[in-house]
Amino acid sequence: MSKHNGFTLAEVLITLGIIGVISALTLPTLLKNYKAIVLRNQFKEQHSRLAQALRRMVDEEEIVLSPSELGGGLSKYVAKYYNISQDCGRINVGTTGCIRLNKEGSIDEYKTYTGGKINFGYLDDGTLVLNDGTTLFFEQGSQATTLGYYLIGIDINGYKNKPNRLGHDLFVFKIEDNGELTPTKKIKEWNPYGLCSKTSSSDVNGYGCALEAIKDPNYFKNLP
C-alpha cells in the first residue's frame, strides 16, 4: 500500500474521516455559541446606549417621560439623541413605511419568542432606524396612555437582519417618568403577563424577555 510521509493512504483517510466527524459534531455548537456571543454583546451595547440617551434627554430637555406630559411625541425627542437614517413613522395596514401590518393586523417581518404570529400592537406608534441599522419601536399612543407609561422595543441588529423575533433580537422595555429603562415583566393589559416562555403559543410571548436577558449570562445560548 502506498505511503505519504510515513502514513499509509488508509491511515490518512481514516484520520480525515475522524476529523470530519469531530467537525460535524462540534461546528454547530461553535456557531451557536458565536451567535449567542454576538447577540449578547449587541443587546448590552444597545441597552446601554438607549439608557444613556434617555437620561440625557430628561436632564437636558427638563421633561417628564410620561404620556400625560408628552403625548405621542416621545420618538421625536429620542430621535434628537441618535444618528437617525430613517423615521418610518407608525406601523399601519397599507402604509409605505419600513414595516407594515398585513391584512390580519399582524406583521410578517417579526415573530414571537417561539416563532409564532406576533401581536405588534404595543410597538406600532413609531419606528426609528439608526445609522447602524438598529431599529427602535415605540408605544406612545392610546395603549401608552392607558398603561400610564411608554414602551420601547429595540431590534439590536436591525429590522433587516434575522432572526427578527421577540426575545432573540427584539427586546421591550418600559420607560419610567425619570427616564429609567425597566425590563417589562408585568404589563397590566396583557394576558399572560410579561411572557418569556419556550412552550407558550401566545402572540405576546417574548415581550417579557428583556429581564431574563439581563440577569441570565447564558440566556442567548439557550434560545429556542
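Scroll up to find the structure.
Residues numbered from 1 in each chain as written. Predicted model: local features only at pLDDT ≥ 70, side-chain atom pairs only at ≥ 80, totals over all residues. Heavy atoms only, no water.

J.: Explain the pattern of salt bridges to me, using residue names and the numbers behind them.
T.: According to the stated counting rule, one finds seven salt bridges in the structure shown. Of the charged contacts, one joins aspartate 87 and lysine 76 as a salt bridge, the two residues approaching to 3.1 Å between their closest N and O atoms. With aspartate 87 in strand 3 (residues 84-87) and lysine 76 in helix 3 (residues 74-79), this pair connects stretches of sequence that are eleven residues apart. (Salt bridge = Lys/Arg side-chain N within 4 Å of Asp/Glu carboxyl O. Helix = DSSP H or I, 4+ residues; strand = E, 2+ residues; numbered from the N terminus.)

J.: Give me the lowdown on unusual backbone geometry, citing residues and values where you can.
T.: Excluding glycine, residues mostly carry a negative phi; peptide bonds, for their part, are mostly trans. In this chain, lysine 162 is followed by proline 163 through a cis amide linkage whose omega measures 15 degrees. Inspection of the secondary structure puts proline 163 in the loop between strand 6 (150-155) and strand 7 (170-175). The phi angle at glutamate 62 is positive, at roughly 55 degrees, despite the residue not being glycine. Mapped onto the fold, glutamate 62 is located in the loop between helix 1 (9-61) and helix 2 (67-70). Given the relative accessible area of 71%, glutamate 62 is considered exposed. The phi dihedral of asparagine 164 falls on the positive side, at around 50 degrees, and the residue is not glycine. Counting through the fold element by element, asparagine 164 comes out in the loop between strand 6 and strand 7. (Buried < 20%, exposed > 50% of the residue type's maximum accessible area, 1.4 Å probe, protein only.)

J.: Help me get a handle on the sheet that holds strand 5 (residues 135-139), residues and values and all.
T.: Taken together, the six strands give an open sheet; going across it, the order is 3-4-5-6-7-8, and neighbouring strands pair in antiparallel fashion. Each having just a single partner strand, strand 3 and strand 8 (181-183) make up the two edges of the open sheet. Sheet twist, expressed as the mean angle between neighbouring strand axes with direction ignored, is 30 degrees. As judged from the three bridges shared by strand 3 and strand 4 (residues 127-130), these two strands associate in the antiparallel manner. Paired with aspartate 87 across the two strands is leucine 128, which belongs to strand 4. (Pairing = 2+ DSSP bridges. Axes fitted to C-alpha atoms, helices over the stretch in contact; angles between N-to-C directions.)

J.: Would you mind going over the state of the cysteines in detail, with residue names and values included?
T.: This model, assessed by the stated rule, comprises two disulfides. The disulfide that involves cysteine 88 links it to cysteine 98, with 1.6 Å between the sulfurs. Its S-S torsion of about -45 degrees marks the bond between cysteine 88 and cysteine 98 as left-handed, since a negative value means left-handed. With cysteine 88 in the loop between strand 3 and strand 4 and cysteine 98 in the loop between strand 3 and strand 4, the pair connects residues that are ten residues apart, well separated along the chain. Judged on exposure class, the residue cysteine 88 and its partner cysteine 98 are both buried. With a sulfur-sulfur separation of 2.0 Å, cysteine 196 is cross-linked through a disulfide to cysteine 209. With the S-S bond torsion at 105 degrees, the cross-link from cysteine 196 to cysteine 209 turns out right-handed. Linking cysteine 196 in the loop between strand 8 and helix 5 (209-215) with cysteine 209 in helix 5, this pair joins segments that are 13 residues apart in sequence. For cysteine 209, a relative accessible area of 0% gives the class buried. (Disulfide = S-S within 2.5 Å.)

Functional significance is not addressed by these values, which are geometric in nature.
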